[in-house]
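Topology and contacts: notes
So you can see what is in the structure, the chains are spelled out below.
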Amino acid sequence: MPHLTLEYTCNLKHFNPADALAAINQAMFDSGLFGEADIKSRAIALDTFQIGVSAAPRAFAHVRIALLAGRSSQQRKTLADAVLAALAVAVNGQIGTEIQLSVETVELDRTSYAKAVING
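The structure displayed is predicted, hence computed values, not measured ones.

**Description of helix 2 (residues 73-90)**
- Helix length check: helix 2 (18 residues) gives 26 Å between terminal C-alpha atoms against 26 Å at 1.5 Å per residue, within 8%.
- For helix 2, the full list of buried residues reads L79, A80, V83, A86, L87 and A90. Seen from one end, helix 2 has its buried residues packed into an arc of 130°, which puts them on one side. Facing away from the buried side of helix 2 by more than 90 degrees, the exposed set consists of S73, Q74 and V89.

**Let's talk about the environment of E98**
- Within the element layout of this structure, E98 appears in strand 4 (residues 98-108).
- When its relative accessible area of 41% is taken as the criterion, E98 is described as partly exposed.
- With 19 residues separating them in the primary sequence, E98 and L79 have C-alpha atoms 24 Å apart.
- Beyond its immediate chain neighbours, meaning those up to four positions away, E98 contacts P57, R58 and A59.

What counts, and at which threshold
- Residues numbered from 1 in each chain as written.
- Predicted model: local features only at pLDDT ≥ 70, side-chain atom pairs only at ≥ 80, totals over all residues.
- Heavy atoms only, no water.
- Helix = DSSP H or I, 4+ residues; strand = E, 2+ residues; numbered from the N terminus.
- Expected span 1.5 Å × (residues − 1).
- Buried < 20%, exposed > 50% of the residue type's maximum accessible area, 1.4 Å probe, protein only.
- Arc of directions from axis to C-beta.
- Contact = heavy atoms within 4.5 Å.

Right, dumping it as structure tokens:
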């Protein structure tokens, strides 16, 4: 735990999702809230998206962090801010394009979360 999902629009030029995940995972680890091997992340490119109603050039990247309940609001806010900072570095600006970045944390119910680790 946690599970992190990075969704980003395919019109982000010069964006490397693998590099972004590496930087975000490092920020997550640096928070001190998680063990290194517990951080699981994935990136999903969005080919079809709509931002607002204008035809203006826009893009976005959004991170959803699902974590077990029990962390304080301040811990979740500090984590979201650190992840947002890492994401901002990974997303290079594009002249003439508005890029919106966001991060959310979502608490999972600890009693119903199930996990198994298989070592082969």
